[in-house]
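Here is what each chain is made of, one letter per residue.
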Amino acid sequence: MDVLINVFVALHIIGIAALLGGFLTQMKAMGAGTARFSPAMLHGALTMLVTGVALVGLNQADDQSVDNLKIGIKLGILVVILALVYVKRDEERVDKGLFAAVGGLTMANIFIATLWT
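As the structure is a prediction and not an experimental result, all values here were calculated from the model.

K.L.:
An account of the overall build of the protein is requested, with residue identities and associated values reported.
P.N.:
Broken down by element type, the protein carries 5 helices and 0 strands. Relative to its length of 117 residues, the protein is compact, with a C-alpha radius of gyration of 15 Å against a globular reference of 13 Å. Viewed in the frame of its principal axes, the protein has a C-alpha envelope of about 50 × 25 × 20 Å. The burial tally for the protein puts 32% of its 117 residues in the buried class. For the protein, the computed accessible surface area is about 6,700 Å², with 68% contributed by carbon and sulfur atoms. Separation between the mean location of the 8 positive side-chain charges and that of the 8 negative ones in the protein comes to 15 Å.

Written out as structure tokens, the structure is:
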């Protein structure tokens, strides 16, 4: 079970890398007002959602404790990110504030995951 959990953790990290990497590569475009949500950002957020749900289920099946409040907050943030990216995915330009909000929420999710013990 530990190997399976570690595989899903790795996939979860790949998802966050795609989401954050998509944001970071558009930073210059955001300054110019031409930033847009890339398909990598959408796929990264979806990967995070699927693997995160799987991780919660696998950890509970392995009788490990799960902090439901932490998971709920992370899920709420991810749903907001996913909704914003999904709705605005086809637009040529995304508002600077909206694009920055997705980046900020992504970083908040990372800090919650790593610092909340």
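K.L.:
Could you give an account of the side chain of lysine 70, with specific residues and numbers?
P.N.:
In this structure, lysine 70 sits in helix α4 (residues 68-87). One polar contact links the side chain of lysine 70 to the main-chain carbonyl oxygen of tryptophan 116, over a distance of 3.0 Å.

K.L.:
Mind laying out the packing of aromatic side chains, listing which residues take part and the relevant values?
P.N.:
The final tally for this structure, using the stated rule, is 2 aromatic pairs. With a centroid separation of 5.2 Å and an interplanar angle of 25 degrees, the aromatic rings of phenylalanine 23 and phenylalanine 99 are classed as stacked. With phenylalanine 23 in helix α1 (residues 2-25) and phenylalanine 99 in helix α5 (residues 96-115), this pair connects stretches of sequence that are 76 residues apart. Using a relative accessible area of 5% as the deciding quantity, one classes phenylalanine 23 as buried. Seen in terms of ring centroids, phenylalanine 37 and phenylalanine 99 are 5.3 Å apart; in terms of plane orientation they differ by 25 degrees. Their pairing is stacked. Of this pair, phenylalanine 37 sits in the loop between α2 (27-32) and α3 (39-61) while phenylalanine 99 sits in helix α5; the two residues are 62 residues apart in sequence, bridging distant segments of the chain. These aromatic residues form a ring-pair network of at least three members: Phe23, Phe37 and Phe99. If you follow arginine 89 out to its NZ or CZ, it ends over the ring of tyrosine 86, 4.0 Å from the centre.

K.L.:
Tell me what's going on with α4, and back it up with residues and numbers.
P.N.:
Under the 1.5 Å per step criterion, the end-to-end length of α4 is 28 Å for 20 residues, consistent within 8% with the ideal 28 Å. When α4 is considered as a whole, its buried residues turn out to be Lys70, Lys74, Ile77, Leu78, Ile81, Leu82 and Val85. An end-on view of α4 places all buried positions within 140 degrees of arc, on one side of the element. Residues of α4 that are exposed and point more than 90 degrees away from the buried face comprise Asn68, Leu69 and Val87. Those residues of α4 that are buried are in contact with α1, α3 and α5.

The rules behind the values
- Residues numbered from 1 in each chain as written.
- Predicted model: local features only at pLDDT ≥ 70, side-chain atom pairs only at ≥ 80, totals over all residues.
- Heavy atoms only, no water.
- Helix = DSSP H or I, 4+ residues; strand = E, 2+ residues; numbered from the N terminus.
- Rg over C-alpha atoms; globule rule 2.2 N^0.38 Å.
- Buried < 20%, exposed > 50% of the residue type's maximum accessible area, 1.4 Å probe, protein only.
- Areas by Shrake-Rupley, 256 points an atom, 1.4 Å probe, with all protein chains shown as cover.
- Lys, Arg positive; Asp, Glu negative; His and termini not counted.
- Charge placed at Lys NZ, Arg CZ, Asp CG, Glu CD.
- Polar contact = N/O pair within 3.5 Å; in protein donor to acceptor, adjacent residues only side chain to side chain.
- Phe/Tyr/Trp six-rings, centres within 6.5 Å; stacked < 30°, edge-to-face > 60°.
- Lys NZ or Arg CZ within 6 Å of the ring centre and 35° of its normal.
- Expected span 1.5 Å × (residues − 1).
- Arc of directions from axis to C-beta.
- Contact = heavy atoms within 4.5 Å.

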